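Inside the fold
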Amino acid sequence: MNGNVQSYLRDRGVRPSVQRIAIMNYLMTHRTHPTADEIFGALSPNMPTLSKTTVYNTLNLLAAHKAVLVLDIDARQTRFDGDTSLHAHFLCKSCGAIHDLPIPEKLGHELAETSTMHIEDIQLLYKGLCNNCNKTEK
């Protein structure tokens, strides 16, 4: 996977480093939309030289190069998504889990093409109860 991650970073104009590869690989393999602190907590036991500052700086760099999505779903903390394709998100109001939802690609592009505004980011968010929480409440 690291070879793919290196190519992915290079294709987006980001110079691969050990830390950048580890962070991007984590985002690509853990589809939980983690926070910077969650990424740091997961990677630091195996990377003792990794700092929170490095994680934050790397995520900002990856976002600037459109290698990751910055999710403004949770008002308390920023989350990150390694999947930069056009898709929606579902936030469970009970457990807080965030899930990816497919949306027709045409939907986002039609709006961007017909608008006179310069659209840089589309975030479609659904809120409700996930399957697990919905079963629990019934």
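Residues numbered from 1 in each chain as written. Predicted model: local features only at pLDDT ≥ 70, side-chain atom pairs only at ≥ 80, totals over all residues. Heavy atoms only, no water.

All right, on to the overall build of the protein then. Counting secondary structure elements, the protein contains six helices and five strands. Seen in sequence order, the protein has helices and strands lined up from the N terminus as α-α-α-α-β-β-β-β-α-β-α. Taken along its principal axes, the extent of the C-alpha atoms in the protein is 45 × 45 × 25 Å. Considering only contacts within the protein whose residues lie at least 6 apart along the sequence, 48% involve residues at least 24 apart. Accessible surface for the protein amounts to roughly 8700 Å². Of this, 50% is attributable to carbon and sulfur atoms. When the 14 positive and 14 negative side-chain charges of the protein are each reduced to one mean point, those points stand 5 Å apart. (Helix = DSSP H or I, 4+ residues; strand = E, 2+ residues; numbered from the N terminus. Contact = heavy atoms within 4.5 Å. Areas by Shrake-Rupley, 256 points an atom, 1.4 Å probe, with all protein chains shown as cover. Lys, Arg positive; Asp, Glu negative; His and termini not counted. Charge placed at Lys NZ, Arg CZ, Asp CG, Glu CD.)

Each α-helix turn comprises 3.6 residues. Residues three or four places apart therefore point the same way. Among the residues of helix 3 (residues 36–43), Ala36, Ile39, Phe40 and Leu43 are the ones counted as buried. Here the buried residues of helix 3 occupy an arc of 100 degrees about the axis, which is enough to place them on one side. The secondary structure elements touched by the buried residues of helix 3 are helix 2 (18–29), helix 4 (52–64) and strand 2 (79–81). (Buried < 20%, exposed > 50% of the residue type's maximum accessible area, 1.4 Å probe, protein only. Arc of directions from axis to C-beta.)

Considering every residue of the protein, the mean pLDDT works out to 90; 93% of them sit at 70 or more. Within the protein, no element has a lower average pLDDT than helix 5 (residues 105–114), which sits at 68, and none a higher one than helix 3, at 98. (pLDDT = per-residue confidence, 0-100.)

Another point: the pattern of salt bridges. A pair can form between side chains of opposite charge whenever their charged atoms are brought close. A complete count under the given rule lists four salt bridges for this structure. One salt bridge connects Arg31 with Asp83, and the closest N-O pair in it is separated by 3.0 Å. Residue Arg31 is located in the loop between helix 2 and helix 3, and its partner Asp83 is located in the loop between strand 2 and strand 3 (88–92); the two are separated by 52 residues in the primary sequence. Given a relative accessible area of 40%, Arg31 falls into the partly exposed group. Between Glu38 and Arg79 there is a salt bridge, with its nearest N and O atoms 3.6 Å apart. (Salt bridge = Lys/Arg side-chain N within 4 Å of Asp/Glu carboxyl O.)

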